[in-house]
Amino acid sequence: MDLGSLSSADQQKLNEYLTKKQEAEVMTSYLNLTQDCFTACVDDFTSSTLSSNEDKCISKCVKKFLATSERINARFSEENMKLQQAMQ
């Protein structure tokens, strides 16, 4: 489908839809990160603050998540460029 053939109103609707979808995916990713790191790292509920070990674990967990996300995005971009070049 050639997106250039869409009317400006349809292009705007498509952009709004894609923006909302992207926002939902970001929120889902954030919620998964929060749940995964909390489950993996927090095990002491007797204190209202994180222990040193919990804090370190959460930092490592978040860094690992971000590094993995960056790598996935880079690979996706590489594959997308290959696909676009093949379509030309």
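Residues numbered from 1 in each chain as written. Predicted model: local features only at pLDDT ≥ 70, side-chain atom pairs only at ≥ 80, totals over all residues. Heavy atoms only, no water.

**Student:** I would appreciate a short explanation of the overall build of the protein in the present structure.
**Tutor:** Along its length, the protein carries two helices and zero strands. Its C-alpha atoms give the protein a radius of gyration of 20 Å, more than 25% over the compact-globule value 12 Å for 88 residues. With the C-alpha coordinates aligned to their principal axes, the bounding extent of the protein is approximately 60 × 30 × 15 Å. A buried classification covers 7% of the 88 residues belonging to the protein. In the structure as shown, the protein presents an accessible area of about 7700 Å², 57% of it carried by carbon and sulfur atoms. Here the protein carries 10 positive and 13 negative side-chain charges, and the mean point of each set is 5 Å from the other. (Helix = DSSP H or I, 4+ residues; strand = E, 2+ residues; numbered from the N terminus. Rg over C-alpha atoms; globule rule 2.2 N^0.38 Å. Buried < 20%, exposed > 50% of the residue type's maximum accessible area, 1.4 Å probe, protein only. Areas by Shrake-Rupley, 256 points an atom, 1.4 Å probe, with all protein chains shown as cover. Lys, Arg positive; Asp, Glu negative; His and termini not counted. Charge placed at Lys NZ, Arg CZ, Asp CG, Glu CD.)

**Student:** Just to check I follow, could you spell out the state of the cysteines for this structure?
**Tutor:** Cysteine pairs can be linked by a disulfide, which is a covalent bond between their two sulfur atoms. Applying the stated criterion across every chain yields a total of two disulfides. One disulfide bridge connects Cys 37 with Cys 61, the sulfur atoms lying 1.9 Å from each other. Here Cys 37 and Cys 61 share a disulfide; its torsion about the S-S bond, -85 degrees, makes the bridge left-handed. Of the two residues, Cys 37 sits in helix 1 (residues 8–41) while Cys 61 sits in helix 2 (residues 52–87), which places them 24 residues apart along the sequence. For Cys 37, a relative accessible area of 4% translates into the label buried. Cys 41 shares a disulfide with Cys 57; S-S distance 2.0 Å. In this structure, the disulfide formed by Cys 41 and Cys 57 twists by about -65 degrees around the S-S bond and is classed as left-handed. Pair noted here: Cys 41 is in helix 1 and Cys 57 is in helix 2, with a separation of 16 residues, a long-range link. Residue class for Cys 57 comes out partly exposed when judged on its relative accessible area of 27%. For the protein, the bonded cysteines pair up as 1-4, 2-3 when numbered in the order they occur along the sequence. (Disulfide = S-S within 2.5 Å.)

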